[in-house]
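# Architecture and fold: a report
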Amino acid sequence: MPDFLLEIGCEEIPARMIDAASRDLRERIAALLSRERLSADQIVGFESPRRLAVMALEMSGSQPDVTEQVNGPSVSVAYKDGQPTPAAHAFAKKAGVDVAQLESVTTPKGEYLAAKITKKGRSASEVLAENLPKELAAIYWPKNMYWRKPHERFVRPVRWLVAMLNEETIPLEFDGIWAGKTSRGHRMSSHGEVTIPRAGSAYVDALRGAKVLGRAEREQQIRKALDAATRTIPGARWREDKSLLDTVVNLTEFPSVILGGFDRQFLGLPEEVLVTVMRDHQKYFAVEDANGKLLPHFLAVLNTDGDPQGLIRHGNERVLRARFNDARFFWETDQKRSLLDRLELLRHVTFQKDLGSYYDKTRRVQRLCSWLSEIIKQSGMAVRAGVVHKAACLAKTDLTTELVKEFTELQGIVGGLYARAQELDSTLPEATRFAIADAIYDQYRPESTEDEVPRSMEGAVLSVGDKADTIAGMFALGLVPSGSKDPFALRRQANGMVKVIAEKKLPLRLTELMRDARAGYQGSEAEKKFVDDETFVESVRTFFRERLEFYLKDMRGYSYDVVKAVLAADAGDVVDVLARAEAVKQVLHMPEFLAIGAAGKRMRNILRQAEEKGIAPAARFESLRDSAHEEKNLASYIEVNGPRVDALRKSKEYGDALMLLSTARGPVDAFFDKVMVMVDDERVRANRLALLRTLLKEFSTIADFSEIVTEGKG
């Protein structure tokens, strides 16, 4: 069984796009092989800044032959007086068999002629040559380039192709370039072209010899080099940064590391500023001591064998010194005007063309956060409303600072640093000022699913209020994310809201929160362009349900059916949803609940079928003369235990409520064993449907157990 290799070589691919594109290519090749009945033992990728490659190891060399039955004319048409007619001869010729090989088969329409045709499998080389160009053209890139001809589109201009089955070249063409056996090594450290002797491990070995390493090897080499360079400074360590490490891995093909330094005087600047300059602007790793305090050194990852004469190190130090001088100048310049004085400047900073300025947003967020603070206080949780109000007032003022204009990644952080460094208000105690500063500093948290939530309750309120205002305004304008398009990062902000509410246990219902946020735009010019309330509420409800489903499944690890079950009952209160999901998870293994889940599906199906037939349940269940003992017993169970379940649910004692519900299995099973619901007697039938509707409602207050997957459990 041969090994297959495909490599597409091009100009340097942006680092942020490589991993997703490599994964996409592997998935496409796997799907292609499956679709074309070609098997492979393993599919692996190989990517670097100048290439995407995929290898299918131990792949079948050809498709298996397939025998299929093809039906032709009816026997009565195909034969007359026992002799084949022209219709039979025509069918045999079309099927490629002799008339004598035709068979008679019985179908629902009668007796028909049939022929068994064997389709010979095509070679893997032929299949791949035909299909690979379409797969390469379909790779998703956030941005593409066009060159030469209008149809030639890829992330960067394609320079070479390698397509091989073992030692043989596949006759593949993509964008005017024919595949061969020649790849290219490291742009500077190799002699250019590299002949690949064979697909598989020989490809990796050939590139390694040409100073091109695979992703895992590059990461390992970088880590070792970072460790080695840091060991030259007593007591130092390099600051772990997964995102930066992923970036430099995808910027290099044969990496090395150099250690550089900068003047200690720059350590007087906030650490956040220094690290941002090094990491985001220069792709340098910070160096710290055993206590995590920044040291006047940096580590740069190079795409070369090294820097024996120190020229690259000297150049990097000079560039970093200039960037730090800029940052210090901006810091000192910004201190000449306090954050309070900058509030009016926000009138001239546009938030969104239809939603007004950041000054308008500040006022809306202040009002919304004041209301949220009141809700939180009424629930018995501690929050300093004055700190929230002041933080909301100053939260966006750093957008007018020179430091944020130069280093946009620091917005919010700079505001928090300046609020801590400036007096703000002579009457404010220092502890209060620091609390305001912390809330401003944390206002954009969490910026990703891995990021921490704000440290304080005040920061959490500001974070939720700010994000809610943005989402409400955009949705009210009809700017709803669709597919992969989300230009305002509303999904990320909604994920952040859900995470903050969940982890801070805020007593906020999402739909009401978004209605309050939309109300902040009342009377504004933007309101004239808003969609109607019903459209807004429905789109927001659907959107946050999706975000909550993502949070429960992907971040908290609840199974798909548990998530569906609890959200079907109520998806408005994040904290409550989490509590119910945990309670359901704890009882899901019990056979009683698997049985209740199956019964719930059955009840829902019966009620749906009745509705489709126009059969309505009675207003309420009554004990009739024709009522069976089992349905009276079930009705009695509901009457006794329904209020008890409801009381436990209201007090959020979901575990106890579910345990009580589990006792319903006996009367429910007896009912379905002995009682027919859809009987001819209209009154009895309507009465029994009313009983099922009541029972289903009782079962679904905590979770809709009909959503639980029962197959294969218990």
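### Considering the pairing of strand β2 (residues 42-48)
When β2 meets strand β3 (residues 51-57), the two strands line up antiparallel, connected through 7 bridges. Note on β3: the bridge partner recorded for Phe46 is Ala53.

### A short note on helix α25 (residues 665-674)
Residues Pro667, Val668, Phe671 and Phe672 constitute the buried set of α25. For α25, the buried positions fall inside an angular range of 130° around the axis, keeping them on one side. Among the exposed residues of α25, those oriented more than 90 degrees off its buried face are Asp673 and Lys674. Where α25 is buried, its residues meet α22 (591-612), α23 (629-650) and α26 (682-699).

### Observations concerning the sheet that holds strand β19 (residues 284-288)
Within the open sheet, the 4 strands sit side by side as β17-β19-β20-β18. Their pairing is antiparallel. Where the open sheet ends on each side, the last strands, each with one partner, are β17 (237-238) and β18 (256-261). Pairing geometry for β19 and strand β20 (residues 294-302), over 4 bridges, is antiparallel. Within the sheet, the bridge partner assigned to Ala286 lies in β20 and is Phe298.

### A word on helix α19 (residues 533-555)
Taking 1.5 Å per residue, 23 residues should reach 33 Å; α19 reaches 31 Å between its end C-alpha atoms and fits that length. Inspection of α19 places Phe536, Val537, Val540, Phe543, Phe544, Arg547, Leu548, Glu549, Tyr551 and Leu552 among the buried residues, and these make up the whole buried set. Gly557 sits one or two positions beyond α19 and adopts a positive phi of about 80°.

### A look at the pattern of salt bridges
For the coordinates displayed, the defined rule picks out 55 salt bridges. Close ionic contact of Glu126 with Arg122 constitutes a salt bridge, the shortest N to O distance being 3.3 Å. One salt bridge connects Arg208 with Asp205, and the closest N-O pair in it is separated by 2.9 Å. Of the two residues, Arg208 and Asp205 both sit in helix α5 (residues 201-209), 3 residues apart, roughly one turn of that helix. Look at Arg208 and you get partly exposed, because its relative accessible area is 33%. Using a relative accessible area of 44% as the deciding quantity, one classes Asp205 as partly exposed.

### Notes on the packing of aromatic side chains
Applying the stated criterion across every chain yields a total of 14 aromatic pairs. Consider the rings of Phe475 and Phe543, whose centres lie 4.8 Å apart with planes at 50°: the pair is tilted. Placement of Phe475 in helix α16 (residues 457-476) and of Phe543 in helix α19 is noted, with a sequence separation of 68 residues between them. Considered together, Phe475 and Phe543 belong to a single accessibility category, that of buried residues. These aromatic residues form a ring-pair network of at least three members: Trp141, Phe154 and Phe174.

### A few points about the side chain of Asp576
The residue Asp576 is located in helix α21 (residues 574-587) in this model. Looking at Asp576, the relative accessible area reads 8%, which means it is buried. One polar contact links Asp576 to Arg580, side chain to side chain, over a distance of 2.9 Å. Contact partners of Asp576, with chain neighbours within four places excluded, come to Lys652 and Tyr654.

### Description of unusual backbone geometry
Backbone torsion omega between Arg445 and Pro446 reads -10°, so that peptide bond is classified as cis. Positive phi, normally seen in glycine, also occurs at Ala489, with a value near 55°. Tracing the chain through its elements places Ala489 in the loop between α16 and α17 (490-504). Using a relative accessible area of 18% as the deciding quantity, one classes Ala489 as buried. One non-glycine residue, Lys505, lies in the positive phi region at around 55°.

Basis of the calculations
- Residues numbered from 1 in each chain as written.
- Predicted model: local features only at pLDDT ≥ 70, side-chain atom pairs only at ≥ 80, totals over all residues.
- Heavy atoms only, no water.
- Pairing = 2+ DSSP bridges.
- Helix = DSSP H or I, 4+ residues; strand = E, 2+ residues; numbered from the N terminus.
- Buried < 20%, exposed > 50% of the residue type's maximum accessible area, 1.4 Å probe, protein only.
- Arc of directions from axis to C-beta.
- Contact = heavy atoms within 4.5 Å.
- Expected span 1.5 Å × (residues − 1).
- Salt bridge = Lys/Arg side-chain N within 4 Å of Asp/Glu carboxyl O.
- Phe/Tyr/Trp six-rings, centres within 6.5 Å; stacked < 30°, edge-to-face > 60°.
- Polar contact = N/O pair within 3.5 Å; in protein donor to acceptor, adjacent residues only side chain to side chain.

So yeah, pure geometry; function would need other evidence.
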